[in-house]
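A look at the structure
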Amino acid sequence: MLQYNIPVSMLRQYCFCPRIPYFYIVRSIKPYEQPWVKQGIDEHIRQQMLMKRRNLSRFNINNIGFIKDNVELYSEKLNLHGICDAVIETAEASFVLEFKNSSYYKISLATSVQLAAYAMLYEENFNKHVEKGFVLYGTKAKTLEIKIDQELKDRTLDIRDKILETIKRSYIPNSPADETKCSQCEFFNFCADRY
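Residues numbered from 1 in each chain as written. Predicted model: local features only at pLDDT ≥ 70, side-chain atom pairs only at ≥ 80, totals over all residues. Heavy atoms only, no water.

Quick notes on the packing of aromatic side chains
To describe a pair of aromatic rings, one takes the distance between the centres and the angle between the planes. Using the following cut-off: The criterion for an aromatic pair is that two Phe, Tyr or Trp rings (for Trp, the six-membered ring) have centres within 6.5 Å, with stacked assigned to planes under 30 degrees apart, edge-to-face to planes over 60 apart and tilted to the rest. Counting from the N terminus, the helices are DSSP H or I runs at least four residues long and the strands are E runs at least two residues long. For the exposure calls, accessible area comes from a 1.4 Å probe over protein chains only, and a residue counts as buried if that area is under 20% of its type's maximum, exposed if over 50%, partly exposed in between. In this scheme, the term charge over a ring applies when either NZ of a lysine or CZ of an arginine sits within 6 Å of the ring centre and within 35 degrees of the ring normal.
Counting across every chain of the model gives 7 aromatic pairs. Taken together, a centroid distance of 5.2 Å and an interplanar angle of 15° make the contact between Phe-23 and Phe-187 stacked. Linking Phe-23 in helix α2 (residues 19-26) with Phe-187 in the segment after α6 (179-183), this pair joins segments that are 164 residues apart in sequence. The class of Phe-187 is buried, set by a relative accessible area of 1%. Aromatic side chains Phe-187 and Phe-190 sit 6.2 Å apart centroid to centroid with 55° between the ring planes, which places their arrangement in the tilted category. Residue classification places Phe-190 among the partly exposed positions, given a relative accessible area of 38%. Through pairs of rings, three or more aromatic residues link up here, namely Tyr-22, Phe-23, Tyr-24, Phe-187 and Phe-190. When the ring centre of Phe-126 is taken as origin, the NZ or CZ atom of Lys-68, which lies over that ring, is 4.0 Å away. When the ring centre of Phe-16 is taken as origin, the NZ or CZ atom of Lys-181, which lies over that ring, is 5.3 Å away.

Structure representation (structure tokens):
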């Protein structure tokens, strides 16, 4: 029986292009780190520092207990692991947070799936209910809310299953990516059927 624990980041990558998890996991190709990766890491650190000083009214949550940064999560049952940027704890519920180094304020499927995966992992690891998450965009931390319902959780697990199937079969999946995505992909040179 195949046992593989997938990084949550691969779910997000799969939404961009199903071939990225194949190249990372099956072929073990590690591309050079792009400059925007370091920029994103630096922005995460800055946002976590600012969270300690910010007014948290943007979340419309009563009775905030505390905020945890860089929450490491792992589940053999879910075959997933990752580090959630932050979690807000209250007496009633928990809320997962994701920082994005982008001023493009639109919630993508990739971001929704990423937050749903963190929510499911957090629920299992800490036995807490997670009903929604928040994405904080750019230097001003423009905040958007994502409802984490069963439909989103099911979609997230479906993507996980597709990645596990790719690993099991060791085949390169079809890609619906267009020229815009392919032109910015670090694996472009490995796809013989691309533009």
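Now that the structure has been shown, the text picks up again.
Quick notes on helix α1 (residues 8-16)
Stated formally: Two residues qualify as a contact provided that any one of their heavy atoms is within 4.5 Å of a heavy atom in the partner residue.
All of the buried residues along α1 are Val-8, Met-10, Leu-11, Gln-13 and Tyr-14. Packing partners of the buried residues in α1 comprise β1 (6-7), α2, β3 (80-90), α4 (109-126) and α5 (150-169).

A look at the packing of α1 against α5
If you want to describe how two helices pack, look at the angle between their axes and the distance between the axes. Quick reminder of the rule: To obtain each axis, a line is fitted to C-alpha atoms, and for helices this fit is confined to the stretch in contact; angles are then taken between N-to-C directions over 0 to 180 degrees. Our angle categories are set so that under 35 degrees counts as roughly parallel, over 145 as roughly antiparallel, 65 to 115 as roughly perpendicular, and the remainder as oblique. Here the term charged refers only to Asp, Glu, Lys and Arg, the term nonpolar to Ala, Val, Leu, Ile, Met, Phe, Trp, Tyr, Cys and Pro, and the term polar to all other amino acids, Gly among them.
Running from N to C, α1 and α5 point in directions that differ by 85°, and their axes come no closer than 10 Å. Taken together, the axes of α1 and α5 lie roughly perpendicular to each other. Of α5, the residues touching α1 (which contributes Met-10, Leu-11, Tyr-14 and Cys-15) are Thr-156, Ile-159, Arg-160, Lys-162 and Ile-163. Class assignment of the residues belonging to the contact of α1 with α5 gives a composition of 6 nonpolar, 1 polar and 2 charged.

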